[in-house]
Amino acid sequence: MAGRLRGAALAGCLGLCGTALALLAVVLLRAYVLRPAPGPRVWGRRPELGFELSARDRRELKEALRGAIKIQTVSFSPDDQNTTALAEFGNYIKKVFPAVFSAKFIQHEIIGEYSHLFTVQGSDPQLTPYMLLAHMDVVPASQEGWVAPPFSAEERGGFIYGRGTMDNKNSAIGILQALEFLLRKDYRLRRSFYIGIGHDEEIYGHKGARKIADLLEARGVKLSFLLDEGSAILDGFIKGIKAPVAVIGITEKGALTVKLSVEKEPGHSSAPPKETSIGILAGALSRLEQNPMPNMFGHGPEIRTLEHLASEFTFPLNLIMTNLWLFSPIVSRILQQMPSTNALIRTTTAITMFNAGIKTNIIPPSAKATVNFRIHPSQKAEEVLEIIKTTIADDRVKIDVQETFDPNPISPWDNQAFGVQIFRRTLLDVFPEVSSVAPGICIANTDSRHFAKLTDAIYLFNPLIIKPDDFLRIHGLNERISVEGYEKQVEFLYQLIQNSDIKKLPEPHANSHEL
Ligand SMILES: CCCCCCCC/C=C\CCCCCCCC(=O)N[C@@H](CCC(N)=O)C(=O)O
Ligand SMILES: [Zn+2]
Ligand SMILES: [Zn+2]
């Protein structure tokens, strides 16, 4: 009997060890043998024109951006914009980019009073056009806390400081600059493309980008792809990855902004009620902050980002990333530690405004707050609103939805995706130090969502190498761009326009080591 028991225990143990060994074998096999092929291609043609800049070109390129930064195109709220500055921006680009404005095959239109649409007619009408999108408006900037005033465009230590240097005059001016340089070299464009420069992106883009999209739709335009801001070449964002990696947004999060308010009878502060409007609202806000929205890791494209970058990780993280089917609970816990990676895996909750109280000895008649949620690609606004109501669980708190939209659909990311292959090719040309190109999520919002009817291929990417510290400068203090980084951005756009002139993508090549 004892012998039989020992035998059974041994068999059980062998079974367990066997399972563990089998698991390990699968892990190793997946890590080293079954890693998905990156989908390389062999491109016969290189861009016709190289990006050699004279000292004069360099000066001109830098001054064009600096001049644009000095124009205070601030969007405060949907009914408060600096319209004088928006108009000045229009005059400014006309002056700085004469070749763009005088080319016979470029049509320029002003949309919604201040936005710009350029239709660049290529020589081959058979090729489906694409679109480059940017915006000229900026968020406000406090005067304090900057090393140089936010609209001075001062140059310090190789950086231009100012609101809009990364978000997003670098793209608006950069696109026009790249085209200006190409035109001056008599480059004849083959594929048509559109340039859209919105004037109210920071306040939802209803008067600018949306009108541009409506107009193009009415003209029956279909786009092969659209490129807008929203992600970048990330350096140091992900623990365990040393080299900079290009993460191109294939979707952007949705958004839901709610106004919460509590009304209460005012009175003398010497005989206060048990709870005031401020106390009730503060409790509701605290519950929202203390109960984050659910962790959705694995339900959206964030998992594809890590899978694509798996080989970039050092050991043993590379093993973990290649086997997310097994390790995703650990990975999702690590991701939620940093605000920028936490934003990838859940709907975020940000209390952005709070107003209450009118005098030191008056019981406040009302308290109001604004909470801004950014919705994970696997959720819908309606679902998030239900969670908010359940979490607040207090009928005295009135909830008004101010603005809401669901996450964007997911854009294609495969060997046939024209835009993706063009970005890969251009990254190889301009940023040889970038070893991987991965699909990702844009954690903020962009004007591109207005163009969903024109194309299913919307990509969010700024060709700039950014570090976590740079990310904090966007909408924050000391926003800046390095002169070298801006030159690279213009070079990327210059080569992207030429690369897009290819008629058909080359065949993928199995043994190449390209991206
Ligand atoms: C695995 C990778 C980790 C990812 C870390 C994220 C790093 C992201 C890097 C760069 C992103 C820059 C995004 C800038 C876009 C900003 C656009 C913007 O400010 N939009 C406004 C629009 C307002 C609106 N209501 O539509 C906004 O989102 O508030
Ligand atoms: Zn922006
Ligand atoms: Zn912004």
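Residues numbered from 1 in each chain as written. Chains lettered and ligands numbered in written order. Predicted model: local features only at pLDDT ≥ 70, side-chain atom pairs only at ≥ 80, totals over all residues. Heavy atoms only, no water.

Going by what an unreviewed UniProt entry lists, the chain is known as Peptidase M20 domain containing 1 and is assigned to Pelusios castaneus.

1. Structural notes on the UniProt feature "domain: Peptidase M20 dimerisation" (unreviewed entry) in the chain
Taking the UniProt record as the reference, the feature "domain: Peptidase M20 dimerisation" (unreviewed entry) is found at residues 251–394. Counting secondary structure, residues 251–394 comes out at 41% helix and 24% strand; the distance between its end C-alpha atoms is 34 Å. (UniProt positions renumbered as here; feature names shortened; annotations may be inferred. Helix = DSSP H or I, 4+ residues; strand = E, 2+ residues; numbered from the N terminus.)

2. Concerning the sheet that holds strand S17 (residues 398–405)
Within a sheet, adjacent strands bond to each other through the backbone by hydrogen bonds, running parallel or antiparallel. Read across the sheet, four strands follow the order S14-S16-S12-S17 without closing on themselves; strand pairing throughout is antiparallel. At either margin of the open sheet sits one strand with a lone partner, and together these are strand S14 (348–356) and S17. Across the sheet, the axes of successive neighbouring strands diverge by a mean angle of 15 degrees, strand direction being ignored. Two strands pair when backbone bridges link them, and S14 and strand S16 (residues 366–375) are joined in this way by eight bridges, in the antiparallel orientation. Counterpart to Met353 in the pairing with S16 is Thr370. (Pairing = 2+ DSSP bridges. Axes fitted to C-alpha atoms, helices over the stretch in contact; angles between N-to-C directions.)

3. Quick notes on the coordination of the zinc ion (ligand 2)
For a metal with four donors in a tetrahedral arrangement, the ideal angle between donors is 109.5 degrees, while six donors in an octahedron ideally sit at 90 or 180 degrees. Protein ligation of the zinc ion (ligand 2) involves His135 (NE2), Asp167 (OD), Glu229 (OE) and Glu229 (OE), the donor distances falling in the range 1.9 to 2.3 Å. Coordination at the zinc ion (ligand 2) comes from four donor atoms whose angles at the metal span 56 to 147 degrees, giving a geometry best classed as irregular. Of note, the donors binding the zinc ion (ligand 2) are all from one chain and are spaced H-x31-D-x61-E. In this structure, the zinc ion (ligand 2) is positioned 3.5 Å from the zinc ion (ligand 3), and both are ligated by Asp167. Highlighted residues: His135 in strand S5 (residues 130–135) and Asp167 in the loop between strand S7 (159–161) and helix H5 (169–184), separated in sequence by 32 residues. Given the relative accessible area of 1%, His135 is considered buried. (Donors = N, O, S within 2.8 Å, 3.2 Å for Na, K, Ca; no water. Tetrahedral: all angles 85-135°; square planar, octahedral: opposite > 155°, others 65-115°. Buried < 20%, exposed > 50% of the residue type's maximum accessible area, 1.4 Å probe, protein only.)

4. So, the domain arrangement of the chain
Under the domain assignment, the chain is made up of domain 1 (55–237 + 408–499) and domain 2 (252–405). Just the C-alpha atoms count here: the centres of domain 1 and domain 2 sit 30 Å apart. Taken together, the contact pairs 22 residues of domain 1 with 21 residues of domain 2. The junction of domain 1 with domain 2 conceals about 2000 Å² of combined surface from both sides, 57% of it contributed by carbon and sulfur atoms. On the domain 1 side of the contact with domain 2, Ile441, Ile443 and Asn445 bury the most area, a combined 32% of that side's loss. Counting the contacts that link domain 1 with domain 2 gives one salt bridge. In this structure, the connection of domain 1 to domain 2 is made through eleven residue pairs in polar contact (both at pLDDT 80 or more). (Domains from an automatic or database assignment. Contact = heavy atoms within 4.5 Å. Buried area = accessible area lost by both parts, 1.4 Å probe. Salt bridge = Lys/Arg side-chain N within 4 Å of Asp/Glu carboxyl O. Polar contact = N/O pair within 3.5 Å; in protein donor to acceptor, adjacent residues only side chain to side chain.)

5. With respect to the coordination of the zinc ion (ligand 3)
Protein coordination at the zinc ion (ligand 3): the donors are Asp167 (OD), Glu202 (OE), Glu202 (OE) and His475 (NE2), at 2.0 to 2.7 Å from the metal. Mapping the donors of the zinc ion (ligand 3) onto the primary sequence gives the spacing D-x34-E-x272-H. Judged by relative accessible area, Asp167 falls into the buried class, the value being 8%. What makes His475 partly exposed here is its relative accessible area of 44%.

6. Re the pattern of salt bridges
Using the criterion set out here, one finds 19 salt bridges in the structure. Where Arg156 meets Glu154, a salt bridge forms, and the shortest distance between an N and an O atom there is 3.0 Å. Note that Arg396 and Glu275 form a salt bridge whose closest N and O atoms lie 2.9 Å from each other. Placement of the pair is Arg396 in the loop between helix H12 (381–392) and S17 and Glu275 in the loop between strand S13 (267–268) and helix H7 (277–290), with a sequence separation of 121 residues. Glu275 sits in the partly exposed class, given a relative accessible area of 37%.

7. So, the side chain of Glu229
Within the secondary structure, Glu229 sits in the loop between strand S9 (226–228) and strand S10 (233–234). A polar contact is formed between the side chain of Glu229 and the side chain of His135, at a distance of 3.1 Å. Once residues within four sequence positions are removed from consideration, Glu229 is found in contact with Leu133, His135, Asp167, Asn168, Glu201, Thr446, Leu460, Phe461 and Asn462.

8. Comments concerning the site of ligand 1
In the region of ligand 1, 20 residues are neighbours, and Glu201, Tyr204, Arg374, Asn445 and His475 sit closest. Interatomic distance of 3.2 Å between a side-chain N/O atom of Glu201 and a nitrogen atom of ligand 1. Coverage of ligand 1 by the protein chains reaches 92% of its 750 Å² of free accessible surface. The element that contributes the greatest number of residues to the shell around ligand 1 is helix H11 (residues 339–345), accounting for three residues. (Near = heavy atom within 4 Å. Areas by Shrake-Rupley, 256 points an atom, 1.4 Å probe, with all protein chains shown as cover.)

9. Remarks on helix H8 (residues 302–309)
Residues of H8 that are buried include every one of Glu302, Ile303, Thr305, Leu306 and Leu309, and no others. Here the buried residues of H8 occupy an arc of 155 degrees about the axis, which is enough to place them on one side. Buried residues in H8 make contact with strand S11 (245–252), helix H9 (317–322), helix H10 (324–335), H11 and strand S18 (436–442). (Arc of directions from axis to C-beta.)

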